[in-house]
Amino acid sequence: MPPLHQAPRGTRDFYPEDMAVRRHIEAAWRKASIDHGFDEVDGPTFEHLDLYTVKSGEGIVNELFSFRRAGGESTYALRPEFTPTLARMVAAKGASLPVPTKWFAIPSFFRAERPQRGRLREFFQWNVDVVGQGGAKADAEVIAVAVGALERLGLGPGDVQVRLSHRRAVANILARLGIAEDRLPAAFELLDRRDKLEPEAFARRSGELGLAGDTLARFDGLVRATVPVSESIEGLVRAAAIPEADVIDLVEMRSALEAVGIADWCRYDLGIVRGLAYYTGTVFEIHAVGAVERAVAGGGRYDGLIELFGGAPTPACGFGMGDVVLGLLLEERGLLGGADGHAGLLPRPDVFVIAAGSEAAEQLLLPLVTEFRRAGLHARHTYRATRNVGKLLGEASRSRARFAVILGQELERPEGPQAMVKDLLSGAQRPVLLASVVKEIAATA
RNA sequence: GAGACCGUAGCUCAGUAGGCAGAGCACCUGAUUGUGGUUCAGGACGUCGCGGGUUCGAGCCCCGUCGGUCUCCCCA
């Protein structure tokens with residue numbers, strides 16, 4: 001026998017129950033997107049390699065699966081993210097797109113990283129973007145879609161939290177504290193690593209940026225404090241002697257978030273900056289409350305990016321949410337199926353048809369199943385030939401079907417052939433004329 | 001890319017000093033000639049991740065390799 005093959009490192013096989021989980025998550029993403037007025041798009045699974053070096057530089061190449069066709073000239077890469085494709089698609093359509101353009105996608109992505117918890121080499125990620133529209137309302141709209149999907153999956157403000165900040169507000173504060181403009185990127189990077197650094201290391205690196213003494217204390221206090229959006233961010237910055245005007249963008253976000261009813265999911269957190277250089281305004285991450293897990297989602301405003309890919313200057317805002325971390329969170333909270341486990345997410349048959357032994361019953365089995373299917377019902381049947389109705393009903397029960405239809409003795413009734421219809425929830429059963437079984441079950445199921 | 005731990009039945013795992021590879025659950029059959037998750041009896045189930053080495057003998061020790069988990073790097 002040839003040896004068994006293994007799936008490549010960091011990839012997953014989706015057996016039926018895994019697939020049911022994946023579809024469950026995707027369905028929530030898709031439903032939330034569509035309800036919020038977004039249209040679904042997709043692009044190729046691989047792109048020209050240089051599409052990815054435009055934004056991220058040559059360093060990105062090590063993180064990609066790239067390849068060249070045998071004998072070919074072009075180098076391609078499996079897509080590691082959607083934004084370059086989106087920017088390319090937007091730039092290609094130019095001014096013919098509506099304003100705003102609201103798109104979402106649920107593609108698979110590939111990254112040549114070492115897999116670890118919450119992080120694989122192939123994964124699915126929901127991307128939602130509003131293109132062509134600036135302002136706090138668009139930012140809040142994008143966050144509301146993310147929250148809508150999480151809510152649909154059974155999570156609440158007690159489970160997950162949107163941590164919200166704003167690049168411009170943080171830049172204003174940093175400038176106010178005396179950080180030179182050319183040091184801003186380094187300051188953002190330091191902020192992003194805040195939680196990973198020891199306090200001493202954080203203080204030392206802050207010092208390298210020109211912060212010391214009282215200024216450092218103000219900086220430290222600001223980036224470590226978080227405030228519910230419903231409370232006063234103005235108070236927080238005033239306490240650090242920062243003019244309220246510096247954080248006007250965050251103040252505007254409050255009313256936008258309140259208007260779409262998700263303010264109670266959100267906290268201001270000035271330590272959230274996102275590592276990426278291209279964010280220009282609102283930035284946010286969604287985290288499980290009290291978990292050390294990596295972010296469930298992250299995104300923000302990137303007004304310069306479409307232009308970077310050759311389009312007209314276009315404001316845009318979006319986020320990505322991966323299936324891996326989200327799946328871990330839902331699993332941990334018991335939100336992936338009830339008592340049946342993941343099997344609870346599989347489609348339930350409307351009817352399970354069994355033939356109890358006789359030749360006549362077996363002859364009728366497939367035609368009846370076919371009739372059920374033509375009526376639009378999810379019908380399954382036994383493949384076994386036995387008179388043991390107990391076994392067959394056990395099979396019907398394990399299939400989680402709503403009804404069992406037994407073809408057997410009742411076919412011989414003088415008033416005409418009948419089937420026994422059993423309600424598998426209540427256990428009640430009654431004979432029904434064979435000719436009207438499909439109609440009756442279709443009316444109930 | 002660097003380091004640590006792990007890999008035994010479909011699943012969860014035990015396996016002592018190197019000496020016949022085990023348990024529970026799940027599965028199949030029967031008790032039960034037509035009534036479902038219970039009970040009882042029986043049954044099937046293994047390249048011990050893979051390859052090599054040491055040994056009279058390896059699930060166990062050694063080397064390598066593949067995969068998983070975790071930390072670092074990175075995180076679009």
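### Digging into the nonpolar core
- The biggest cluster of nonpolar side chains holds 79 residues, and the ones touching the most others in it are Trp126, Ile143, Phe219, Leu257, Phe319, Met321 and Leu326.
- Top contributing element to this core by residue count: helix α4 (residues 136-152), with 11 residues.
- Other than its neighbours up to four places away in sequence, Phe219 contacts Leu174, Leu177, Leu191, Phe202, Ser206 and Leu211.
- In terms of nonpolar packing, the next biggest core, distinct from the first, is built from 27 residues, Leu64, Trp103, Val131 and Phe309 among them.

### Examining helix α7 (residues 199-208)
- Within α7 the residues assigned to the buried category are Ala201, Phe202 and Ser206. Taken around the axis of α7, the buried residues stretch over an arc of 135 degrees, which confines them to a single face. What points out from α7, more than 90 degrees from its buried face, is the exposed set Glu200, Arg204 and Glu208.
- Looking at the packing, one finds that the buried side of α7 touches α6 (184-192) and α8 (213-224).

### As for the packing of α7 against α8
- In contact at an axis separation of 11 Å, α7 and α8 are set at 120 degrees when each is read in the N-to-C sense. The pairing of α7 with α8 is recorded here as oblique in orientation. Between α7 and α8 lies a crossing of right-handed hand. On the side of α7, the interface is formed by Phe202, Ala203 and Ser206, while α8 contributes Leu216, Phe219, Asp220, Val223 and Arg224.

### Some details on the pattern of salt bridges
- Tallying each qualifying case throughout the model produces 23 salt bridges.
- Residue Arg238 pairs with Glu244 through a salt bridge whose shortest N-O separation is 3.0 Å.
- Classification of Glu244 by relative accessible area gives partly exposed; the value is 37%.
- Taking the shortest distance from any N to any O, the salt bridge between Asp303 and Arg301 comes out at 2.8 Å.
- Classification of Asp303 as partly exposed rests on a relative accessible area of 30%.
- A relative accessible area of 5% means that Arg301 is categorised as buried.
- Overlapping salt bridges, with partners in common, bring together Arg22, Arg23 and Glu26 in one network.

About the criteria used
- Residues numbered from 1 in each chain as written.
- Chains lettered and ligands numbered in written order.
- Predicted model: local features only at pLDDT ≥ 70, side-chain atom pairs only at ≥ 80, totals over all residues.
- Heavy atoms only, no water.
- Core = buried A, V, L, I, M, F, W, Y, C linked by side-chain atoms within 4.5 Å.
- Buried < 20%, exposed > 50% of the residue type's maximum accessible area, 1.4 Å probe, protein only.
- Helix = DSSP H or I, 4+ residues; strand = E, 2+ residues; numbered from the N terminus.
- Contact = heavy atoms within 4.5 Å.
- Arc of directions from axis to C-beta.
- Axes fitted to C-alpha atoms, helices over the stretch in contact; angles between N-to-C directions.
- Parallel < 35°, antiparallel > 145°, perpendicular 65-115°, else oblique.
- Left-handed = near helix turned anticlockwise from the far one by under 90°.
- Salt bridge = Lys/Arg side-chain N within 4 Å of Asp/Glu carboxyl O.

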